[in-house]
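Take a look at the letters that make up each chain.
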Amino acid sequence: MMEKEPLLEVEGLQKVYGGKKSFLMPGKKVTAVKDVNFHIGKGETFGLIGESGSGKTTVGRMILRLIEPTSGKILYNGRSLRDLSKKEMVKLRNEVQIVFQDSGSAFNPRQTIGEQIGAGLKRFGENKDDGYIQAQVLHMLERVGLRADFYHRYPHELSGGQRQRAGIARALILKPKFLVLDEPVSALDVSVKAQIINLLIDLQKEFELTYLFIAHNLDLVAYFCDRVAVLSKGEVIETSPTIELFRNPKHETTKKLLSSMLTLDGHLGEVYQKRAII
Ligand SMILES: Nc1ncnc2c1ncn2[C@@H]1O[C@H](COP(=O)(O)OP(=O)(O)OP(=O)(O)O)[C@@H](O)[C@H]1O
Ligand SMILES: [Mg+2]
């Protein structure tokens, strides 16, 4: 397969939490991410897998610049995030968005879904006209499979799956190129999981998106991801095309993750099917 041009490159990424001693918080250092390297090609779906506490969310948050790396580099379109001007940084903030595991807690309970999906456009968009923003929100609601009347609903009036759809709409409204999907379906029922993953696959084609898909097990990875990195205690222990990882896992941790999958055969079948199409 031809190597795709990288959109995101992560080199020697490290994050140490804490360590700042203060009267109230005696500093205890936690090395959440030790040494992480990977690259994600344009249009690719890259999986980041590992047990709870292995550092996946920390990596995602560093890519989004929600937290600063302790050391290491993040390159976006070949340029280090550190070297970007303020204006370029604002542009990047629009281009890179996140969908959380629990969109419920990421939404403000007192604001309507429509207002919150439109908030990004109101802050960062070029056209701040209310009518224009409302039309964009309605279009996006429809695109993620929510009826127009969801515009005026409050977060608690939505089911888990509907909230994830709204979370995806909010992430997409600024026309991003790269989405960090941090366990976007982990809290959902199996059938709803599949619906949301299929929606993400459709949207990826339509909007030419690149995905970093974070998950703590291999469930769905076979179906969804082109390549996968396995994270263990803050380090990437192997990176492989998905089909390779399933056929020939190199590391014991990966083998354990594989053996914990109940329906391995079914999943393998799906990988082969998907690859055969490509
Ligand atoms: N703000 C923080 N301050 C101190 N330690 C933290 C902080 N956030 C995370 N950690 C620690 O860093 C390590 C990695 O956490 P992280 O949330 O990145 O793991 P994860 O792989 O996303 O786990 P999960 O699958 O449970 O979401 C853990 O040991 C965690 O306790
Ligand atoms: Mg996490």
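Residues numbered from 1 in each chain as written. Chains lettered and ligands numbered in written order. Predicted model: local features only at pLDDT ≥ 70, side-chain atom pairs only at ≥ 80, totals over all residues. Heavy atoms only, no water.

- In UniProt, the protein has this text filed under Sequence similarities (unreviewed entry): "Belongs to the ABC transporter superfamily." (UniProt positions renumbered as here; feature names shortened; annotations may be inferred.)

### Overview of the environment of Gly145
Logical step 1: Looking at the secondary structure, you find Gly145 in the loop between helix H5 (130-143) and helix H6 (160-172).
Logical step 2: For Gly145, a relative accessible area of 52% corresponds to the exposed category.
Logical step 3: Here the alpha-carbon distance between Gly145 and Ala166, two residues 21 residues apart in the chain, equals 9.1 Å. (Helix = DSSP H or I, 4+ residues; strand = E, 2+ residues; numbered from the N terminus. Buried < 20%, exposed > 50% of the residue type's maximum accessible area, 1.4 Å probe, protein only.)

### A look at the site of ligand 1
Logical step 1: By nearness alone, every residue bordering ligand 1 is listed as Tyr17, Ala32, Glu51, Ser52, Gly53, Ser54, Gly55, Lys56, Thr57, Thr58 and Glu183.
Logical step 2: In this structure, Gly53 approaches ligand 1 through a main-chain N or O atom, which is 2.8 Å from an oxygen atom.
Logical step 3: Within the side chain of Thr58, one N or O atom sits 2.5 Å away from an oxygen atom of ligand 1.
Logical step 4: Considering every element that reaches the shell around ligand 1, the biggest residue donor is helix H1 (residues 56-63), with three residues.
Logical step 5: A per-class count over the shell around ligand 1 returns two nonpolar, six polar and three charged. (Near = heavy atom within 4 Å. Polar contact = N/O pair within 3.5 Å; in protein donor to acceptor, adjacent residues only side chain to side chain. Nonpolar A, V, L, I, M, F, W, Y, C, P; charged D, E, K, R; others polar.)

### Structural notes on the packing of aromatic side chains
Logical step 1: For the structure on display, the rule yields three aromatic pairs.
Logical step 2: Relative to Phe224, the ring of Tyr211 has its centre 5.8 Å away and its plane inclined at 40 degrees; by these criteria the two rings are tilted. Taken together, the residues Tyr211 in strand S8 (residues 210-215) and Phe224 in helix H8 (residues 221-224) connect sequence positions 13 residues apart.
Logical step 3: Judged by relative accessible area, Phe224 falls into the buried class, the value being 1%.
Logical step 4: Seen from their ring centres, Phe213 and Phe224 are 4.9 Å apart, and the 85 degrees between their planes marks the pair as edge-to-face. Highlighted residues: Phe213 in strand S8 and Phe224 in helix H8, separated in sequence by eleven residues. (Phe/Tyr/Trp six-rings, centres within 6.5 Å; stacked < 30°, edge-to-face > 60°.)

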